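# Topology and contacts: notes
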Amino acid sequence: MIVKLRDNLYLGDKDAFTSLAQLKEMGIQAVVVVANDLPAATEDETGVRVHKLGLLDGPNYGHVKDLACHIPKYLLQNGETVLIQSVTGKRRGAFVCGRTICELEGKSIYEVFVEIQKLIPDLDLSKVYF
């Protein structure tokens, strides 16, 4: 699954892409892997950068979640197109995307989660807050 949330922000699961070249063709310049239990793609000659900040599938320290949300925020503020990837895209990845959007656009996190749920109908909002 790969879902376009904004012109420069995508949310993906473990099957979002098969190669970084595929992402480069889509215009994606960076991948932020936010799942501790998901191996990150190895950077290659495509120029697509891969950043991994593995969040746990369960309670995480607030400052670690802040870091996971600020990495894509800063990439986006610098004009990059970013894919946030987690195992299912419906928990850690959705949280990071939602919080990144609400910080950039000044929206409430619930408002952003409802917006994401329209794009991913089986998104369980009770599991996005981890």
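The structure displayed is predicted, hence computed values, not measured ones.

What follows concerns the environment of Phe95. Looking at the element boundaries, Phe95 is found in helix 3 (residues 92-105). Along the sequence, Phe95 and Lys65 sit 30 residues apart, while their C-alpha atoms lie 9.2 Å from each other.

For the structure on display, the rule yields 12 salt bridges. A salt bridge links Asp15 to Lys14, with the shortest nitrogen-to-oxygen separation between them at 3.1 Å. Here Asp15 falls in the exposed class, since its relative accessible area comes to 51%. The class for Lys14 is partly exposed, based on a relative accessible area of 46%. A salt bridge links Glu115 to Lys107; the nearest nitrogen and oxygen atoms lie 3.6 Å apart. Classification of Glu115 by relative accessible area gives partly exposed; the value is 24%. Here Lys107 falls in the partly exposed class, since its relative accessible area comes to 29%.

Mapped onto the elements, Lys73 comes out in helix 2 (residues 62-77). In terms of polar contacts, Lys73 uses its side chain to reach the side chain of Glu103, at 3.2 Å. The residues touching Lys73, leaving out its near neighbours within four places in the chain, are Thr100, Glu103 and Leu104.

Attention shifts here to the sheet that holds strand 2 (residues 9-12). Read from one edge of the open sheet, 5 strands run 1-2-5-3-4, paired in mixed fashion. The sheet terminates laterally at strand 1 (2-6) and strand 4 (49-55), the two strands that pair on one side only. Sheet twist, expressed as the average angle between the axes of neighbouring strands with direction ignored, equals 20 degrees. As defined by bridge partners, strand 3 (residues 30-35) adjoins strand 4 across 5 bridges and the pair is classed as parallel. Bridge pairing in strand 4 links Val31 to Val50. The strands that helix 3 touches are strand 1, strand 2, strand 3, strand 4 and strand 5 (82-85); relative to strand 2, the one it contacts most, it runs at about 165 degrees.

What counts and how
- The numbers attached to residues start from 1 for each chain and follow its sequence in the written order.
- Totals for whole chains, interfaces and linings use every residue, but because this is a predicted model, local features are given only for residues with pLDDT of at least 70 and side-chain atom pairs only at 80 or more, for both listing and counting.
- To obtain the side-chain values, all non-hydrogen atoms of the structure were used and water was disregarded.
- Helix and strand definitions follow DSSP, with helices as H or I runs of at least four residues and strands as E runs of at least two, each counted in order from the N terminus.
- By convention in these notes, a salt bridge is any Lys or Arg side-chain nitrogen within 4 Å of a carboxyl oxygen on Asp or Glu.
- Burial classes: relative accessible area under 20% of the type maximum marks a residue as buried, over 50% as exposed, and values in between as partly exposed (1.4 Å probe, protein chains only).
- Pairing of N or O atoms within 3.5 Å defines a polar contact, subject to two protein rules: one partner must be a possible hydrogen donor and the other a possible acceptor, and residues neighboring in sequence count only if both atoms are side-chain atoms.
- For this analysis, residues touch if any pair of their heavy atoms sits within 4.5 Å.
- Strands are labelled as partners when DSSP assigns at least two bridges between them.
- Simply put, an axis is a line fit to the C-alpha atoms, just over the touching stretch for a helix, and the angle between two N-to-C directions goes from 0 to 180 degrees.

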